[in-house]
Amino acid sequence: MHKKLLQLLLITVVCSSMAGCGKARTESTSNTSPESSFDSSVITPDVAPENSLTPEPAETEETKITKEPEAAEKPGLTEEPGLTEEPGLAENPQETKKPGVKEAELSPAQQYSDANRAVKFLGLKEYNKIEGDSYTDKPAKGNKFLVLFLSIWNRTPDEDYINYNYISASIDKKKTEHTFLVNEPKGYPTVFTHIKPDQEIAGFIVWEVPAGWKKLKFTYNGWEGPDNLLVKAEFTPEDLSDPVIYNSDDYN
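Fair warning: this is a prediction, and the values are worked out from it, not measured in the lab. (Residues numbered from 1 in each chain as written. Predicted model: local features only at pLDDT ≥ 70, side-chain atom pairs only at ≥ 80, totals over all residues. Heavy atoms only, no water.)

1. Some points on unusual backbone geometry
Of all residues except glycine, most have a negative phi; of all peptide bonds, most are trans.
And then number 1: In this model, Asp172 sits at a positive phi of 50°, which is unusual for a non-glycine residue.
And then number 2: Among the structural elements, Asp172 can be located in the loop between β8 (167-171) and β9 (174-176).
And then number 3: Residue Lys186 is not a glycine yet carries a positive backbone phi of 60°.
And then number 4: Positionally, Lys186 belongs in the loop between β10 (178-179) and β11 (194-195).
And then number 5: Among the residues examined, Lys186 registers a relative accessible area of 25% and is labelled partly exposed. (Helix = DSSP H or I, 4+ residues; strand = E, 2+ residues; numbered from the N terminus. Buried < 20%, exposed > 50% of the residue type's maximum accessible area, 1.4 Å probe, protein only.)

2. Things to note about the side chain of Arg117
And then number 1: With respect to the helices and strands, the residue Arg117 is situated in strand β3 (residues 117-127).
And then number 2: For Arg117, the contacting residues outside a window of four places in its chain are Tyr112, Trp153, Arg155, Trp223, Asp227 and Leu229. (Contact = heavy atoms within 4.5 Å.)

3. Observations concerning the packing of aromatic side chains
Two numbers describe a pair of aromatic rings. These are the distance of the centres and the angle of the planes.
And then number 1: Using the criterion set out here, one finds nine aromatic pairs in the structure.
And then number 2: Judged by centre distance (5.5 Å) and plane angle (25°), the ring pair of Phe121 and Phe235 falls under stacked. In this pair, Phe121 sits in strand β3 while Phe235 sits in strand β14 (residues 229-235), placing the two residues 114 residues apart along the sequence.
And then number 3: Clustering of aromatic rings is evident, with ring pairs tying together Phe149, Tyr188, Tyr246 and Tyr251.
And then number 4: Taking NZ or CZ as reference, Lys125 lies 5.4 Å from the ring centre of Tyr127, over its face.
And then number 5: One cation-aromatic arrangement involves Arg155 over Trp153; the distance from NZ or CZ to the ring centre is 4.2 Å. (Phe/Tyr/Trp six-rings, centres within 6.5 Å; stacked < 30°, edge-to-face > 60°. Lys NZ or Arg CZ within 6 Å of the ring centre and 35° of its normal.)

4. Structural notes on the environment of Val231
And then number 1: Note that Val231 resides in strand β14.
And then number 2: Discounting residues that sit within four places of it in the chain, Val231 has contacts with Ala104, Leu106, Phe218, Thr219, Tyr220 and Trp223.

5. Re empty space enclosed by the protein
Remark: the empty space left among the atoms is shown by a probe the size of a water molecule rolled over them.
And then number 1: Within the structure shown, the criterion is met by two cavities of 30 Å³ or more.
And then number 2: Here the largest cavity defines a volume of roughly 100 Å³.
And then number 3: The biggest single contributor to the lining of the largest cavity is strand β13 (residues 216-223), with three residues.
And then number 4: Of the residues assigned to the lining of the largest cavity, the class counts are 13 nonpolar, no polar and no charged. (1 Å grid on protein atoms, 1.4 Å probe; cavity = no way out; pocket = protein on both sides within 12 Å on 5 of 7 lines; lining within 4 Å. Points joined across faces, edges and corners; volume = space filled by probe spheres on them. Nonpolar A, V, L, I, M, F, W, Y, C, P; charged D, E, K, R; others polar.)

6. Digging into the pattern of salt bridges
And then number 1: Taken as a whole and judged by the stated rule, the model has 10 salt bridges.
And then number 2: The residue Glu126 makes a salt bridge to Lys144 at a minimum N-O spacing of 3.3 Å. Of the two residues, Glu126 is situated in strand β3 and Lys144 in strand β6 (residues 143-154); the sequence distance between them amounts to 18 residues.
And then number 3: Residue class for Glu126 comes out partly exposed when judged on its relative accessible area of 25%. (Salt bridge = Lys/Arg side-chain N within 4 Å of Asp/Glu carboxyl O.)

7. Description of the sheet that holds strand β2 (residues 112-113)
Strand pairs in the sheet, formed through backbone hydrogen bonds, run parallel or antiparallel to each other.
And then number 1: Taken in spatial order, the five strands line up as β2-β3-β6-β12-β10 in an open sheet, and their pairing is antiparallel. Each having just a single partner strand, β2 and β10 make up the two edges of the open sheet.
And then number 2: Summarising the sheet, β2 and β3 pair through two bridges and their orientation is antiparallel. Bridging from a neighbouring strand, Tyr112 pairs with Val119 of β3. (Pairing = 2+ DSSP bridges.)

8. Topic: the sheet that holds β14
And then number 1: Ordered in space as β1-β14-β13-β8-β9, the five strands form an open sheet in which the pairing is mixed. The open sheet has two free edges, formed respectively by β1 (102-106) and β9, since each of these has just one partner strand. Put simply, the sheet's adjacent strands are angled 25° from each other on average, direction ignored. (Axes fitted to C-alpha atoms, helices over the stretch in contact; angles between N-to-C directions.)

Pasting the structure below:
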């Protein structure tokens, strides 16, 4: 009987001690858990979570102005070179006087001469037609050929060339272009030719003009050397004169 009581008492003690160990282990586990030791007050206000969004400041008028500098001045709206009015559209560039140009007057009574050249008036003649061996030059109906005969002496050591691109003329204040002939009036060749150093040539320039023309104005500005010489002349029907027949021996 006593033996059974001792066994029962021993079992009770053992059970009591086992229950106490389980509680101690549970408390120890709960005290060392990282979740229970986490204190939210440790996070300082200077450290923000990574995913937090900082609100953008409100856009002011000053921000708008500095944000889009292109709005004040956009490329392509400035004036481009080459879009300005081109010189020479209002008037013939051949008739425009260049800076430093020396002008020379030519007339039946006034020749021109300097150290580089001499220009002489030889005649001015009207033609209703100019006949040749195989062809006849004819102007348009109601027009005439007006032929100017000149001699030019090249006194320079360089070859000269009389260039038709530098001829400008007007008939009764209307611009006119010179023309070309198949035949040679009075035996003269065209004046548009090469002139060797210290050589003189003679030739003609021809325009097709109305039968009742009043005034021919003529300029040549092909001498763009050191003197920039421009030769000009005015002729009326009163200046008409018949030149001598051309003889090439006179100009060799």
